[in-house]
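Analysis of the macromolecular model
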Amino acid sequence: MIIGCQWGDEGKGKIVDVLAEDAQLVVRYQGGANAGHTVQLPDQEFILHQIPSGILHPDKRCLIGNGVVLDAAEFLREYDALDQRGVNPKKRVGVSYGAHLVLPYHKILDQVSEDQATKKIGTTGRGIGPTYEDKVGRRGLRVGDLRHPDRTNTLIEEGIARAKSIIGEGESITDSLMEDREAFLRDSDRLVEFATDVGLEIANTLADGDSVLLEGAQGTALDVDHGTYPFVTSSNTTAGAAAIGSGIGPTMIDSVTGVVKAYTTRVGNGPLPTAFEPEMDEMIRELGGEFGATTGRPRRCGWFDGVLAKFSARVNGLTGLAVTKLDVLDTLPEVYVCTGYETQHGIIEDFPADLVELGEVKPVYEMLPGWMEPTKEIRSQEDLPRAARVFLERLEELAETSIEMVSVGPKRSQIIRF
Ligand code: IMP
């Protein structure tokens, strides 16, 4: 399993792409088109929002589990774009019968809820929260329902009526709910062809002795239970969700690789304890290209947060760490890591369970010398500058997890295996 250990955007897409080489099946199990997984191949770049990054390998099958909320139009656009750009996705993509569908009115409700909120979350506007609300409210429309037009129509009618009761009648927006519905039904006819039993496919693949890679979206601190609530997404982004969201038992999972950036970023609102001062923020954003892959929003940047990394290791049961974007720090004379949080009750090294406290903490930093050498072309641990190795060792200590690989650039080849 590959899991994000910060606030998303850790570079999971690239790590999944690298590890997909050894797997037969790649499965997404939570989130939706709010994710944006960027993968750079020698000749072109792909940003995938719903189809697992494993699709860029010619012979892998890629599945979308029941835990995902699926945007049909976006999914088909992504599928067709892959086809047009020379990645043949035919017969290689499947969607769980149990995946809930994001309907056009969910996106409108997402916007309305942000507009009306006193505490704005800064969502991606992809209808994620309202779709999960309908799922838990037991009134959602699932991929399997599309095989039964009467059932589908009734659920959509009821959904539109509910949306109108929230948004208000007589507004132009309610007309667009109806128009969008026709487009949605056209997409549905195509989507139903992709329906499959994801849990069964995984079990059969494992029974044949092949490997399965589970691809997480967003990151630990955005988990609806364990993240910085309420500034979180609406799904469980931590490792426990992979079994539920794909339809397998937890004992079938034998490794959990956590992905961390060599620094921290966050897009959307909510606390970011290690946030940089404005000048440094600007510099790292430019050096690291830290703009949202889904919304294009600038990401807030900060130093590596060892307290969060330790928490992520615990809550996800990490078996290894993948560190990305080490090269972004190549030119810095000094690098800092956060080793604790200063609170009213003294210094703590464990992520506070009280999130009000999190908003008030001051990070405690340790300064390490920078390496001031390019690392992009390095391919082995021994060839890394000494200061970079010391920095990475410190990350391992803080996260209490061994590093398995370090990424030193966006390309597939820019990876160092430990
Ligand atoms: P939502 O998932 O669109 O409801 O957004 C809720 C919060 O999660 C917002 O702060 C978003 O910016 C954040 N978020 C959602 N998906 C991602 C992602 O893939 N990367 C980083 N942040 C995300």
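Residues numbered from 1 in each chain as written. Predicted model: local features only at pLDDT ≥ 70, side-chain atom pairs only at ≥ 80, totals over all residues. Heavy atoms only, no water.

Another aspect to go through is the domain arrangement of the chain. Accessible area lost upon the coming together of the parts is a frequently used measure of interface size. Along its sequence, the chain is organised into domain 1 (1–254) and domain 2 (260–418). On the side of domain 2, 40 residues touch domain 1, which itself brings 41 residues to the contact. At the boundary of domain 1 with domain 2, total buried surface from both sides reaches about 3,200 Å², with 58% on carbon and sulfur atoms. Linking domain 1 with domain 2 are 2 salt bridges, by the criterion used here. R299 is the salt-bridge partner of D9, the closest N and O atoms lying 3.2 Å from each other. The interface formed by domain 1 and domain 2 contains 23 residue pairs in polar contact (both at pLDDT 80 or more). For the side of domain 1 that touches domain 2, the secondary-structure elements that each account for two or more residues are α1 (12–19) and β3 (37–40). The element contributing the most residues to the side of domain 1 that touches domain 2 is α1, with 5 residues. (Domains from an automatic or database assignment. Contact = heavy atoms within 4.5 Å. Buried area = accessible area lost by both parts, 1.4 Å probe. Salt bridge = Lys/Arg side-chain N within 4 Å of Asp/Glu carboxyl O. Polar contact = N/O pair within 3.5 Å; in protein donor to acceptor, adjacent residues only side chain to side chain. Helix = DSSP H or I, 4+ residues; strand = E, 2+ residues; numbered from the N terminus.)

Within the fold, Q50 resides in the loop between β4 (45–48) and β5 (61–64). One polar contact links the side chain of Q50 to the main-chain amide nitrogen of D71, over a distance of 2.9 Å. When residues no more than four places from it in sequence are discounted, the contact partners of Q50 are R28, G32, A33, I64, V69, L70, D71, E74, F75 and E78.

The next thing to look at is the packing of helix α3 (residues 104–116) against helix α4 (residues 128–136). Between α3 and α4, the shortest axis-to-axis distance is 7 Å and the interhelical angle comes to 115°. Like other packed secondary-structure pairs, α3 and α4 cross with a definite hand, here right-handed. Contacts between α3 and α4 involve Y105, H106, L109 and D110 from the first element and I128, P130, T131 and D134 from the second. By residue class, the composition of the contact of α3 with α4 is 4 nonpolar, 2 polar and 2 charged. (Axes fitted to C-alpha atoms, helices over the stretch in contact; angles between N-to-C directions. Left-handed = near helix turned anticlockwise from the far one by under 90°. Nonpolar A, V, L, I, M, F, W, Y, C, P; charged D, E, K, R; others polar.)

Let us now look at the site of the ligand. Contacts to the ligand come from 15 residues, most closely from N34, T124, T233, V267 and R297. One of the side-chain nitrogen or oxygen atoms of T233 is found 2.6 Å away from an oxygen atom of the ligand. In the model, an oxygen atom of the ligand is placed 3.1 Å from a nitrogen or oxygen of the V267 main chain. About the coverage of the ligand: the protein hides 97% of its 470 Å² of free accessible area. In terms of residue class, the shell around the ligand is made up of 6 nonpolar, 7 polar and 2 charged. (Near = heavy atom within 4 Å. Areas by Shrake-Rupley, 256 points an atom, 1.4 Å probe, with all protein chains shown as cover.)

With that settled, the discussion passes to unusual backbone geometry. With glycine set apart, most residues show a phi of negative sign, and most peptide bonds adopt trans. Cis geometry is found at the peptide bond from Y229 to P230, where omega equals 5°. Phi at D9 takes a positive value of approximately 60°, unusual for a residue other than glycine. The partly exposed category is assigned to D9, whose relative accessible area is 22%. Its identity is not glycine, yet Q218 carries a phi of approximately 55°, on the positive side. Mapping Q218 onto the fold places it in the loop between β10 (212–215) and α8 (240–246). Given a relative accessible area of 9%, Q218 falls into the buried group. (Buried < 20%, exposed > 50% of the residue type's maximum accessible area, 1.4 Å probe, protein only.)

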